[in-house]
Amino acid sequence: MNNKYKILLVEDEAHISTFITALLEANGYRVICAESCAEASAMYTSHVPDLVILDLGLPDADGTVFLRSIRQQDLTPVIVLSARSDEREKVAALDLGANDYVTKPFGSDELLARIRSALRGYRHSAPEGHLPGGKFTVGEMTIDYDARRLHIGGSEIKLTQTEYNILALLSEHCGKVMTYAAIIKEIWHETPDDGSIKKLQVNMANIRKKLGERPGDNRYIVNELGVGYRMKSEE
Ligand code: CA
C-alpha cells in the first residue's frame, strides 16, 4: 500500500502511541506524533496533516481544546480516541466537530476502517456540502440531490420529505458520526429532547426498512447506540 496520507497522532501513553504508529506505518501512512495539546497545535501548523487521531486525556489540557482550535481553522478529519465509555463525552466531542470516535481498547482493523472511512468522506465533500456531480453513491444506493430521489440497485425507493432530508444530510457527512442533536437541529430546527429523539428514531427505522436493512444490519447506515448515526462511505 502506498497512500502516503499524513496522520497526526496525539497520544501521551507511549505504548499506545508506539502500537498505533507501527500499525499505521505498516499500512502505508506517514505518522507524526505529539504528546500534548500544545505540541499537537505546533505539529498541526507545521505539518498540515490529512487526518488527526486524538486522545482526549492529555497532560496539559483536554483533547477537546485542540479539537476546538482545529475546527476554527478547517475540516480536517478528526478521530477521537476515548478510554471513557461515557456516551456524553463522545457526543460532546462529535458536536465539537470530531468525525468519529474509537473507544479503547480497540482492534487494529476497526481503527484502520474508521481512518479509511473518514478520509473518504473528506475527499467526497465539497465545501458547500454538496458532492461532485450532484449524486452520492455507496454500494447499490444512489442519491440524486437535484431530483431528490433515491435508487437502490436501479429501482426508485419512495421516501417522505423528512426521510429524504435525513438521508441526504447523513450522506453529505458520510464517514462522520452525526449526533442526534446535530441531526435534529438541522432537520427540524429544534432543540433535542426525548420527543424529538423519538421522532428521529422512528424516521430512521422507516428509512432503514426502505433501504432493506434489518436491525443490526449496517450496509449503509451505522447506528451508534446512544450517540447518533453514520452513513458509510464505502462498501
Ligand atoms: Ca491519555
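Here, the structure is the one placed above.
About the cut-offs
- Residues numbered from 1 in each chain as written.
- Predicted model: local features only at pLDDT ≥ 70, side-chain atom pairs only at ≥ 80, totals over all residues.
- Heavy atoms only, no water.
- Helix = DSSP H or I, 4+ residues; strand = E, 2+ residues; numbered from the N terminus.
- Rg over C-alpha atoms; globule rule 2.2 N^0.38 Å.
- Buried < 20%, exposed > 50% of the residue type's maximum accessible area, 1.4 Å probe, protein only.
- Contact = heavy atoms within 4.5 Å.
- Areas by Shrake-Rupley, 256 points an atom, 1.4 Å probe, with all protein chains shown as cover.
- Lys, Arg positive; Asp, Glu negative; His and termini not counted.
- Charge placed at Lys NZ, Arg CZ, Asp CG, Glu CD.
- Donors = N, O, S within 2.8 Å, 3.2 Å for Na, K, Ca; no water.
- Arc of directions from axis to C-beta.
- Salt bridge = Lys/Arg side-chain N within 4 Å of Asp/Glu carboxyl O.

Draft legend 1. View of the overall build of the protein chain. Looking only at helices and strands, the protein chain has eight helices and 12 strands in total. At 18 Å, the protein chain has a C-alpha radius of gyration in line with the 18 Å of a compact globule built from 235 residues. Expressed as lengths along the three principal axes of its C-alpha atoms, the size of the protein chain is roughly 50 × 40 × 30 Å. A buried classification covers 49% of the 235 residues belonging to the protein chain. In the protein chain, the share of contacts with a sequence separation of at least 24, taken over all contacts with a separation of at least 6, comes to 60%. Accessible surface, the protein chain: about 11300 Å² in total, of which carbon and sulfur atoms supply 50%. Distance between charge centroids for the protein chain: 6 Å, based on 28 positive and 34 negative side chains.

Draft legend 2. Structural context of the coordination of the calcium ion. Here the calcium ion is held by Asp 12 (OD), Asp 55 (OD) and Gly 57 (O), and the distances to it run 2.2 to 2.4 Å. Sequence spacing of the donors to the calcium ion: D-x42-D-x1-G.

Draft legend 3. Representation of helix H3 (residues 63–71) in the model. Among the residues of H3, those classed as buried are Gly 63, Thr 64, Phe 66, Leu 67, Ile 70 and Arg 71. Down the axis of H3, the smallest arc covering the buried residues is 155°, so these residues share one side.

Draft legend 4. View of the side chain of Glu 224. As for its placement among the helices and strands, Glu 224 is situated in strand S11 (residues 221–224). Relative accessible area serves as the criterion here: at 8%, Glu 224 is assigned to the buried category.

Draft legend 5. Broad picture of the pattern of salt bridges. The final tally for this structure, using the stated rule, is 14 salt bridges. Across the pair Lys 104 and Glu 11 runs a salt bridge, and its minimum N-O distance is 3.0 Å. Here Lys 104 is found in the loop between strand S5 (100–103) and helix H5 (108–124), whereas its partner Glu 11 is found in the loop between strand S1 (6–10) and helix H1 (14–26), with 93 residues between them in sequence. Owing to a relative accessible area of 1%, Glu 11 belongs among the buried residues under this scheme. Residue Glu 224 pairs with Arg 230 through a salt bridge whose shortest N-O separation is 3.0 Å. Residues participating in the shared-partner salt-bridge network are Asp 100, Glu 110, Arg 114, Glu 224 and Arg 230.

Draft legend 6. Representation of unusual backbone geometry. With an omega dihedral of -5°, the bond running from Lys 104 to Pro 105 counts as a cis peptide bond. Structurally, the position occupied by Pro 105 is in the loop between S5 and H5.

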